[in-house]
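Spelled out from the first residue to the last, the chains are:
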There are 2 protein chains.
Amino acid sequence: MKTLTTGQLAREAGVNIETIRYYERYGLIPEPPRRASGYREFPPEYIERIHFIKRAQALGFTLKEISELLAVADGNPACKDIRKFAEEKVKDIETRIHYLQKMKAVLKDLIKKCLGKRKISECPIIESLSQKRNRHKE
Amino acid sequence: MKTLTTGQLAREAGVNIETIRYYERYGLIPEPPRRASGYREFPPEYIERIHFIKRAQALGFTLKEISELLAVADGNPACKDIRKFAEEKVKDIETRIHYLQKMKAVLKDLIKKCLGKRKISECPIIESLSQKRNRHKE
DNA sequence: GATAACCCCGTATCTCAGTACAGAGTCAAG
DNA sequence: CTTGACTCTGTACTGAGATACGGGGTTATC
């Protein structure tokens, strides 16, 4: 397998080249080996890692949370901590899925209503999504 | 039903008072009636609306997207547009759910592995989440 | 009717997640 | 062996989403 320069990795992963360097500084991607000249040589797996970061971001995770997820995936922290953190994240994810499903149901309902009538009078989306069971500002 | 001042609404909804004013400027919440003094008088439903905004944000929606969702919910745009937008959003949500479920499966797997061994050697999280079927930079 | 605790508006500042840029070095194609 | 496209580092700037602040008016309580 060939290695990639920073620019090649950026192109492959569909991000700006500066983003790569930013993620490295941030600690989201491990520092890759360098040539004598200082040029980085990224193994191609880094492409996947960038994709993962971007995906997780779109799901509402912050870079800080993502770095924790990646630390778990990389097997860095002690096993006990991994477990605890992973269990928390599973719950968090379940909550997210739950609300996304609600949102989806409401939208589908709106679509159905829209099929016949020409005006949606009362809005069900907010009520159905706003009961507060879980505080998000933990 | 009593109305709420800006500060009361902020407390009830669990956000900073400035956030309320910001959301109003942004157009996420309709301008409420005012007293002669200029004080805003929010109907209590605004609490739900703020909750909804915060929840949607945690799910990875931007304020712009949220304002569109709310416009749909409020029944503002023409019915055709509502339908189209709602259908797009349903797809978007399905994609999100899909990836969250993958993430969850991987974490659960890690937890299980963690139960016996004391070191996770190889990381499955990235591979399982990074295949690219959908571009996120539409 | 004073005083603390609120609200108003406008503007400035902050954090997060990048992006851009300048000045210098490196690589590879002709 | 030069030229153009790349890379490096460090620092500055940007945009989204808030938060803070200053100077002033309002309201409830004592």
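Residues numbered from 1 in each chain as written. Chains lettered and ligands numbered in written order. Predicted model: local features only at pLDDT ≥ 70, side-chain atom pairs only at ≥ 80, totals over all residues. Heavy atoms only, no water.

**Student:** Looking at this structure, how should I read the protein's contact with DNA strand C?
**Tutor:** Near DNA strand C there are 23 residues, and of these Tyr39, Lys54 and Gln57 of chain A together with Thr5 and Arg40 of chain B occur at the shortest range. Here, DNA strand C places atoms within 4 Å of the protein, and 74% of those atoms are sugar or phosphate. Within the contact set of DNA strand C, a phosphate oxygen lies 3.1 Å away from a backbone nitrogen or oxygen of leucine 63 of chain A. Of all elements in the fold, only helix 2 (17-26) and helix 3 (45-58) of chain A together with helix 1 (6-13) and helix 2 (17-26) of chain B reach the threshold of two or more residues within the surface near DNA strand C. Top contributing element to the surface near DNA strand C by residue count: helix 2 of chain A, with five residues. (Near = heavy atom within 4 Å. Polar contact = N/O pair within 3.5 Å; in protein donor to acceptor, adjacent residues only side chain to side chain. Helix = DSSP H or I, 4+ residues; strand = E, 2+ residues; numbered from the N terminus.)

**Student:** Mind showing me how you'd approach the pattern of salt bridges here?
**Tutor:** Oppositely charged side chains are able to pair whenever their charged atoms sit close together. Residues and elements named next belong to chain A. Evaluation of the coordinates by the stated rule reveals 21 salt bridges over all chains. Residue glutamate 41 pairs with arginine 35 through a salt bridge whose shortest N-O separation is 3.4 Å. Aspartate 92 serves as the salt-bridge partner of lysine 89, at 3.3 Å between the closest nitrogen and oxygen. In this pair, lysine 89 and aspartate 92 both sit in helix 5 (residues 79-116), three residues apart, roughly one turn of the helix. Aspartate 92 gets classed as partly exposed once you look at its relative accessible area, which sits at 22%. Each of the salt bridges in this network shares a partner with another, and the network as a whole consists of Glu65, Lys89, Asp92 and Arg96. (Salt bridge = Lys/Arg side-chain N within 4 Å of Asp/Glu carboxyl O. Buried < 20%, exposed > 50% of the residue type's maximum accessible area, 1.4 Å probe, protein only.)

**Student:** Mind showing me how you'd approach the protein's contact with DNA strand D here?
**Tutor:** Around DNA strand D there are 23 residues in total, and Arg40 of chain A together with Thr19, Tyr39, Lys54 and Gln57 of chain B lie nearest to it. Sugar plus phosphate, as a fraction of atoms of DNA strand D within 4 Å of the protein: 72%. Measuring from a phosphate oxygen of DNA strand D, one finds a side-chain N or O atom of serine 37 of chain B at 2.8 Å. Sorting the residues of the surface near DNA strand D by element identifies helix 1 (6-13) and helix 2 of chain A together with helix 2 and helix 3 (45-58) of chain B as the ones contributing at least two each. No other element matches helix 2 of chain B, which puts five residues into the surface near DNA strand D. The residue inventory of the surface near DNA strand D, partitioned by class, reads seven nonpolar, 10 polar and six charged. (Nonpolar A, V, L, I, M, F, W, Y, C, P; charged D, E, K, R; others polar.)

**Student:** Could you clarify how one ought to interpret helix 2 of chain B in this entry?
**Tutor:** In an α-helix, one full turn covers 3.6 residues, which means residues spaced three or four apart are oriented alike. Residue and element names in this part refer to chain B. The complete set of buried residues in helix 2 reads Thr19, Ile20, Tyr23 and Glu24. Buried residues of helix 2, seen end-on, are gathered within an arc of 140° and therefore sit on one face of the element. Those residues of helix 2 hidden inside the fold are in contact with helix 1, helix 3 and helix 4 (63-74). Where helix 2 begins, the capping side chain belongs to asparagine 16, and its oxygen is found 2.7 Å from the backbone nitrogen of glutamate 18. (Arc of directions from axis to C-beta. Contact = heavy atoms within 4.5 Å.)

**Student:** Would you explain the packing of helix 3 of chain B against helix 4 of chain B in this entry?
**Tutor:** Working note: a packed helix pair is described by the angle between its axes plus the distance between those axes. Residue and element names in this part refer to chain B. Orientation of helix 3 relative to helix 4, taken along the N-to-C sense of each, is 135°, at an axis distance of 10 Å. Between helix 3 and helix 4, the angle is such that the two are oblique. Our pair here, helix 3 against helix 4, has a crossing hand that is right-handed. Residue-level inspection shows Arg49, Phe52, Ile53, Ala56 and Gln57 of helix 3 in contact with helix 4, the latter providing Leu63, Ile66, Leu69, Leu70 and Asp74. Across the contact of helix 3 with helix 4, the residue classes break down as seven nonpolar, one polar and two charged. (Axes fitted to C-alpha atoms, helices over the stretch in contact; angles between N-to-C directions. Parallel < 35°, antiparallel > 145°, perpendicular 65-115°, else oblique. Left-handed = near helix turned anticlockwise from the far one by under 90°.)

**Student:** When you look at the packing of helix 1 of chain B against helix 3 of chain B in this model, what are you seeing that I'm missing?
**Tutor:** Residue and element names in this part refer to chain B. Two elements in contact, helix 1 and helix 3, have axes whose closest approach is 9 Å; the angle formed by their N-to-C orientations is 50°. It follows that helix 1 is oblique to helix 3 by the angle criterion. The two elements helix 1 and helix 3 cross, and the hand of that crossing is right-handed. Facing helix 1, whose interface residues are Leu9, Glu12 and Ala13, helix 3 presents Tyr46, Ile47, Ile50 and His51.

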